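# Notes for the structure review
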Amino acid sequence: MIKRTLYFGNPAYLKTNNEQLVIEMHDSGETRSAPIEDIGLLILDHQQITITQSLLAKLLSNNTAVITCDHTHHPTGMLFNLDGHSLQSQKFQAQVEASVPLKKQLWQQTVTCKIENQAALLLHEREEYKLLLTYAKDVKSGDSENHEAQAAAYYWKRIFPDFLQFRRERYGPPPNNLLNYGYAILRALVARGLTSSGLLPTLGIHHRNQYNAYCLADDIMEPYRPFVDKIVCQIIRGNGKFLEMTPNMKKALLEIPAMDVQIDGQKSPLMNAVQRTTASLAKCFEGKSRKILYPELS
């Protein structure tokens, strides 16, 4: 069963009673509830939301990812369970002791899949894509020739309409804002999957920034990014150059966890696919497998 994503963009008081999330809306006085066990992602996007410590503890115990947003409505913080797996110490040890050659092989698989998914999205958008397939085929261990960057330069010049004159910059003009929002949701899903698979999101296979607490999440989310890009393409088709965030755009991006993807020959909600990916990564660290399961964008 796919876990639910709950978004709160209005003043509210959130508490718990009988293993339920209880929501008291300030404006309407309405009270609602939802089973905590059904929630995978909770997004707090208003400065006048109050949440009890008891509810936070139950959400984290349930391995719910909690995202907080700043006054500009951009995700700015994440909370996760510290004890996500019954064999966590054993899995931590395997991750810490992973060899450099293994990490390079895993990064090669990751970059190859990311570029293949970028090529698939260009094809979907009726843009030239075959050079990306060449890049994907030529990725070496550890991506020593940096095909990821070469593919990105080609991809970002073509994925959005020319009238946007798009450049991928974190704080750049739209649709960078839409990409940032979608990637923040994706990052939370991947970090949640890693913790539930008994892995440390901090210890990456490629990313090593000492100030980044989610290096491994940033690694493993790479092949999933084109799925976010696909939603942004759909938003652009419906809105043209008017891309300041609206409730409808936010609603579309909040569908990311539930969007269908193909993984290992099966259709699956993206949130479930992420869980399969992180579980397969744990097996790689433990020497039980040599392949990470990643989704294919069709």
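The paragraphs below set out a description of the structure included in this document. Model, not experiment: these values are computed from the prediction.

Criteria and cut-off values
- Residues numbered from 1 in each chain as written.
- Predicted model: local features only at pLDDT ≥ 70, side-chain atom pairs only at ≥ 80, totals over all residues.
- Heavy atoms only, no water.
- Helix = DSSP H or I, 4+ residues; strand = E, 2+ residues; numbered from the N terminus.
- 1 Å grid on protein atoms, 1.4 Å probe; cavity = no way out; pocket = protein on both sides within 12 Å on 5 of 7 lines; lining within 4 Å.
- Points joined across faces, edges and corners; volume = space filled by probe spheres on them.
- Nonpolar A, V, L, I, M, F, W, Y, C, P; charged D, E, K, R; others polar.
- Buried < 20%, exposed > 50% of the residue type's maximum accessible area, 1.4 Å probe, protein only.
- Arc of directions from axis to C-beta.
- Contact = heavy atoms within 4.5 Å.
- Phe/Tyr/Trp six-rings, centres within 6.5 Å; stacked < 30°, edge-to-face > 60°.
- Lys NZ or Arg CZ within 6 Å of the ring centre and 35° of its normal.
- Axes fitted to C-alpha atoms, helices over the stretch in contact; angles between N-to-C directions.
- Parallel < 35°, antiparallel > 145°, perpendicular 65-115°, else oblique.
- Left-handed = near helix turned anticlockwise from the far one by under 90°.

Pro-175 follows Pro-174 through a cis peptide bond whose omega is 10°. Mapped onto the secondary structure, Pro-175 falls in the loop between α5 (147-156) and α6 (176-196). In this structure, Gln-165 takes a positive phi of about 45° despite not being glycine. Its identity is not glycine, yet Asp-264 carries a phi of approximately 55°, on the positive side.

The subject of this paragraph is the layout of surface pockets. Estimated volume of the largest pocket: approximately 600 Å³. Along the wall of the largest pocket there are 20 residues; nearest its centre are His-74, Arg-170, Ala-184, Arg-187 and Asp-218. Reported here for the second largest pocket is a volume of approximately 480 Å³. In terms of lining, the second largest pocket is formed by 18 residues, of which the most central are Thr-72, His-73, His-74, Tyr-181 and Met-245. Every element with two or more residues in the lining of the second largest pocket is listed here: α6 and α9 (247-253). Partitioned by chemical class, the residues of the lining of the second largest pocket number six nonpolar, eight polar and four charged.

Once that is clear, we can look at helix α4 (residues 130-138). Among the residues making up α4, those that are buried are Leu-132, Tyr-135 and Ala-136. Projected onto a plane normal to the axis of α4, the buried residues spread over an arc of 100° and lie on a single side. Projecting away from the buried face of α4 at angles above 90 degrees are the exposed residues Lys-130 and Lys-137. Looking at the buried residues of α4, the elements they touch are α3 (100-124) and α5.

So, about the packing of aromatic side chains. With the rule as written, the count across this model stands at five aromatic pairs. On the numbers, 5.0 Å between centres and 65° between planes, the contact of Tyr-155 with Trp-156 is edge-to-face. For the pair Tyr-155 and Trp-156, a shared accessibility class is recorded, and that class is buried. Consider the rings of Phe-160 and Phe-166, whose centres lie 4.9 Å apart with planes at 85°: the pair is edge-to-face. Owing to a relative accessible area of 13%, Phe-166 belongs among the buried residues under this scheme. One aromatic cluster is present, formed by Tyr-155, Trp-156, Phe-160 and Phe-166 through successive ring pairs. Arg-158 extends its terminal NZ or CZ atom over the ring of Tyr-154, reaching a point 3.6 Å from the ring centre. The ring centre of Tyr-183 lies 4.5 Å from the NZ or CZ of Arg-225, which sits over that ring.

Below, the discussion takes up the packing of α3 against helix α8 (residues 225-239). Closest axis-to-axis distance for the α3/α8 pair is 9 Å, and the angle between their directions is 20°. Classified by the interaxial angle, the pair formed by α3 and α8 is roughly parallel. Handedness of the crossing formed by α3 with α8: right-handed. Where α3 approaches α8, its residues Lys-114, Asn-117, Gln-118, Leu-121 and His-124 are matched on the opposing element by Arg-225, Pro-226, Phe-227, Asp-229, Lys-230 and Arg-237. Its residues assigned to classes, the contact of α3 with α8 shows three nonpolar, three polar and five charged.

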